[in-house]
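Examination of the molecular architecture
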Amino acid sequence: MPSPYPGLTLDDIPTSIGRYPYKKVDASKYQFRLFILYPRTSSRPEDLRITIFEDVLDGNDQKMVKSFQALSYVWGDATKRQDLMVIVPVGEIEAVCKLSVTANLAEALVHYPFRDGHVVLWADAICINQDDHEERAQQVRLMQRIYSEADIVTAWLGHEAENSNLAMNLLTRIGESADPDYTKSVVQVYRDLVIADMTVNGRADLLAECYSSDNSTWAPSWIPDWSTMTKLPIAVFEACADGQSAAAATLCPDQKTLAIKGKLLATVSDAWEPLHTQDNLHQDLKMSRLATMAAVKECAQRIALSARYPSGGDNLEALCVGLSGGQVTDNYVAQLQQSSCQSIAQYKAFIDFALSFDNTPTDIHRLADPDILGCVASASHTLLDSMVATVEGYLGFCPVSARPGDRVCILLGCMKPMILRPTRGNNSCYTVVGPCNMHGLNWGEGLLGPLPDNTTFVWNQSGPRGGTGPAFKNRYTGEETIVDPRIDWDLLDVGNNRELAFAQRMPPDRSRIDYFKRPDVEYFEKRGIELITFDLV
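Worth saying up front: this structure is predicted, and the values here are computed from it rather than measured. Here the residue numbers are simple positions, counted from 1 along each chain's written sequence. Note on the predicted model: pLDDT of at least 70 is required for a residue's local features to be given, and 80 or more for side-chain atom pairs to be given and counted; whole-chain, interface and lining totals, by contrast, use all residues. The basis for every side-chain value is the complete set of non-hydrogen atoms in the structure, without hydrogens or water.

A few points about the overall build of the chain
Runs of E in the DSSP output that reach at least two residues are strands. Runs of H or I that reach at least four are helices, and both are numbered from the N terminus. A tally of regular secondary structure across the chain gives 14 helices and 21 strands. Whether a residue is buried, partly exposed or exposed follows from its accessible area with a 1.4 Å probe, protein chains only, as a fraction of its type maximum: under 20%, in between, or over 50%, in that order. The burial tally for the chain puts 48% of its 537 residues in the buried class. The contacts in the chain between residues at least 6 apart in sequence include a share of 67% that link residues at least 24 apart. For this analysis, residues touch if any pair of their heavy atoms sits within 4.5 Å.

So, in structure tokens, the structure goes:
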């Protein structure tokens, strides 16, 4: 390979170890940068050494290298930095500079394959001068070409963590999203991603990433503010409230209002302040557990536990599901049950214990029981949210800004029930408050009605590439299927058109495979299920 720094002299390099001096690249000539990642020693893998050089995408006779690899990664916390050593060859001398990158990128390079050899790579934070906004905008336009011409593209998402499969499933769905454009505002970029997910995948699940607050200036409310994800509630729950339907949404001409079809199900009558805080979680372990027990006791005393619940069962069962964050072993196959996941029966015993809890030595000793500890762990996070009750008798937990008069709705294509707030003076306009975990509405009951008596809802490994997916289990035979028994699939038959297929079914004689699309607006109209249009602002 020719010298990557022709004509460079020592006058161009700081005399002491300084910051790497980027040279200008001309995007109009398809110039871009690559870097050589030198072999990493097993004893000190953190000592990352690279050499950056300019190259071109067009003109084989002008290219410095014939092949390269590209690295995609999560930026992570931009305040956590690490310096890389940049080796700058100047004749027979090697000068050394520093380049500050995010700790997440440095970690990705440490774990990058081909540890014992030289690797030619492209990574945006190294190959694009992040201090030059004009260059950033120009180089971003070349990124699709760069990724397409790379021999290998490796994605680094960090170390595996609990529920990381949920993120992988989301990435699978929105892989064909909007092109990045640094000339757009953050809100516009996020908006384009939401619209792309609805257009390409027919899903509106990203709306469940929205959490409003009373003092928030973020708008429109239906666009998630991913820049403040660290401030969002901790509790994460899975649901299938929309019956796995296809989103029916339109971006209005003002580019700010989203018109989306759905169904209004309930009105919030009571919204209580959270009974737990981040301070409670981070205090002494014993004190944190005692605070959780007191909070659970107060929740249980707010309601008549034995009262009949709208979807069947009683309020006690609804509170169990709520405190669990919607994650009870009753709704998970064995392979997906986490160590902290408990059954409804265990939560009932836990609530009964909380009601009688009196800080006696016997009570405190019982707090060490594994069943109790599992319930305490889930409840402590759930209680960071607000407990709500509706006029119709439903109970749940939702974002802290919920208040009486808010509406509980199902939006087509969005797996979680949503809390919306009517705007003054317009009956069809709403702002998004956020998702809610509401027993009796989490599994499609609001759109499709209750499940047959012989069927229960479970999460199994029917999702993309073995990830978590919703299924329906026969209580008597144990058979599981992703085909919802409440849906008239014959109305959704798409013949052999696999591109439109969402589910498939083989008849008893196994003579063929029938393909079906997701339930859409036309399907619900045929079934006499009335939908309305929510204008989200």
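A look at the sheet that holds strand β18 (residues 480-481)
Between any two strands, pairing holds if DSSP finds at least two bridges. Taken in spatial order, the three strands make up an open sheet running β16-β17-β18, and their pairing is antiparallel. Of all the strands in the sheet, just β16 (455-460) and β18 have a single pairing partner and so form its edges.

Side note on the nonpolar core
Grouped burial of nonpolar side chains is what soluble globular proteins tend to show. Residue types Ala, Val, Leu, Ile, Met, Phe, Trp, Tyr and Cys, when buried and joined through side-chain atoms within 4.5 Å, form a set referred to as a nonpolar core. Grouped together as the largest cluster of nonpolar side chains are 61 residues, with contacts concentrated most on L319, L323, F350 and I351. If sequence neighbours within four positions are ignored, L319 has contacts with C299, A300, I303, L305, I351, M387 and F397. Counting 50 residues, the second-largest nonpolar core is a separate cluster that includes L34, A106, Y112 and V120.

What about the environment of G446?
Among the structural elements, G446 can be located in helix α13 (residues 445-448). Judged by its relative accessible area of 9%, G446 falls in the buried class. Residues contacting G446, with those up to four places away along its chain left out, are K263, L265 and L441.

What to know about the side chain of Q139
Turning to its location among the elements, Q139 is positioned in helix α3 (residues 133-140). For Q139, a relative accessible area of 1% puts it in the buried group. Beyond its immediate stretch of four places on either side in the chain, Q139 contacts V25, A27, Q31, F32 and I128.

Topic: the pairing of strand β2 (residues 49-56)
A large share of β2 lies buried, amounting to seven of its eight residues. Where strand β1 (residues 31-37) meets β2, seven bridges bridge the pair, whose relative direction is antiparallel. Bridge pairing in β2 links Q31 to V56. Strand direction decides the pairing type here: β2 and strand β4 (residues 81-90), joined by two bridges, are parallel. What sits directly across from R49, in β4, is M85.

Things to note about the confidence of the model for the chain
For the chain, per-residue confidence averages 83 on the pLDDT scale, and residues scoring 70 or more make up 85% of the total. pLDDT runs from 0 to 100 and stands for how confident the predictor is about each residue. Across residues 7-11, where pLDDT falls below 50, the model places seven contacts with residues more than four positions away in sequence or in other chains. With pLDDT under 50 throughout, residues 230-236 is counted as low confidence; its partners more than four residues away or in other chains account for 14 contacts.

Side note on helix α12 (residues 370-382)
Expected span of a helix, by definition, is 1.5 Å for each gap between consecutive residues, and there is one gap fewer than residues. For α12, with 13 residues, the first-to-last C-alpha span of 19 Å sits near the 18 Å given by 1.5 Å per residue. Of the residues making up α12, those classed as buried are I372, G374, C375, V376, S378, A379, S380 and T382. Polar contacts, as used here, are pairs of N or O atoms within 3.5 Å; protein pairs need one atom able to donate a hydrogen and one able to accept it. Residues neighboring in sequence count only if both atoms are side-chain atoms. Where α12 begins, the capping side chain belongs to D369, and its oxygen is found 2.8 Å from the backbone nitrogen of D371.

A short note on the packing of helix α10 (residues 344-356) against α12
Axes here refer to lines fitted to C-alpha atoms; in helices the fit is confined to the stretch in contact. Angles between the N-to-C directions go from 0 to 180 degrees. One can describe the packing of α10 onto α12 by two numbers: an axis separation of 10 Å at closest approach and a directional angle of 85°. The angle between the axes of α10 and α12 places the two elements in the roughly perpendicular class. Between α10 and α12, the contacting residues are Q346, Y347, F350 and F353 on the first element and D371, I372, G374, C375, V376, S378 and A379 on the second. Classification convention: Asp, Glu, Lys, Arg as charged; Ala, Val, Leu, Ile, Met, Phe, Trp, Tyr, Cys, Pro as nonpolar; all other residues, Gly among them, as polar. Residue composition of the contact of α10 with α12, by class: seven nonpolar, three polar and one charged. Any angle that is under 35 degrees is reported as roughly parallel, and any over 145 degrees as roughly antiparallel; angles of 65 to 115 degrees are reported as roughly perpendicular and all others as oblique.

Looking at the pattern of salt bridges
We count a salt bridge whenever a side-chain nitrogen from Lys or Arg sits within 4 Å of a carboxyl oxygen from Asp or Glu. Summed over the entire model, instances satisfying the criterion amount to 16 salt bridges. Note that D58 and R145 form a salt bridge whose closest N and O atoms lie 2.4 Å from each other. Remark: R145 occurs in helix α4 (residues 143-149) and D58 occurs in the loop between β2 and β3 (69-73); sequence separation between them is 87 residues. Across the salt bridge formed by R203 and D205, the nearest N and O atoms sit 3.1 Å from each other. Because the salt bridges share partners, they merge into one network encompassing D58, K63, R145 and E149.

Some words on unusual backbone geometry
In this structure, P220 follows A219 across a cis peptide bond, with omega equal to -5°. Take P220: it is sitting in the loop between α6 (186-201) and β8 (249-251). The backbone of Y30 shows a phi angle near 60°, a positive value even though the residue is not glycine. For Y30, the position within the fold is in the segment before β1. The exposure class of Y30 is partly exposed, given its relative accessible area of 34%. The phi dihedral of Q255 falls on the positive side, at around 65°, and the residue is not glycine. The class for Q255 is partly exposed, based on a relative accessible area of 38%.

Things to note about the sheet that holds strand β7 (residues 152-156)
Two pairing modes exist for strands in a sheet, parallel and antiparallel, and in both the strands are linked by backbone hydrogen bonds. In space, the seven strands of this open sheet follow the order β5-β4-β2-β1-β6-β3-β7, with mixed pairing throughout. The strands lining the two open edges of the sheet, one partner per strand, are β5 (93-102) and β7. Within the sheet, the average angular offset between the axes of one strand and its neighbour, ignoring direction, is 40°. Lying over the sheet, helix α1 (residues 103-110) contacts β1, β3, β4, β5, β6 (119-122) and β7, oriented at roughly 120° with respect to β5.

Observations regarding the side chain of E135
Tracing the sequence through the fold places E135 in helix α3. When its relative accessible area of 4% is taken as the criterion, E135 is described as buried. Setting aside residues no more than four positions away along its own chain, E135 makes contact with V25, R33, C127, I128 and N129.

Remarks on α1
Most of α1 is tucked away: six of the eight residues are buried. Turning to α1, its buried residues are N104, L105, A106, A108, L109 and V110.

Overview of the packing of aromatic side chains
Here the aromatic set is Phe, Tyr and Trp, taking the six-membered ring for Trp, and pairing holds for ring centres within 6.5 Å; pairs whose planes are under 30 degrees apart are stacked, those over 60 apart are edge-to-face, and all others are tilted. Counted under the stated rule, the structure contains 15 aromatic pairs. A centroid spacing of 5.8 Å and a plane angle of 85° characterise the contact between Y309 and Y394, whose relative ring orientation is edge-to-face. Taken together, the residues Y309 in the loop between α8 (285-302) and α9 (315-323) and Y394 in the loop between β10 (386-390) and β11 (395-398) connect sequence positions 85 residues apart. Accessibility classification places Y309 together with Y394 in one group, the buried group. Ring pairs connect the aromatic residues W443, F457, W459 and F472, which therefore count as one cluster. Over the ring of Y30 we find R145, and its NZ or CZ is 5.3 Å from the ring centre. The criterion is that NZ of a Lys, or CZ of an Arg, lies within 6 Å of the ring centre and within 35 degrees of the ring normal, and then a charge sits over that ring.

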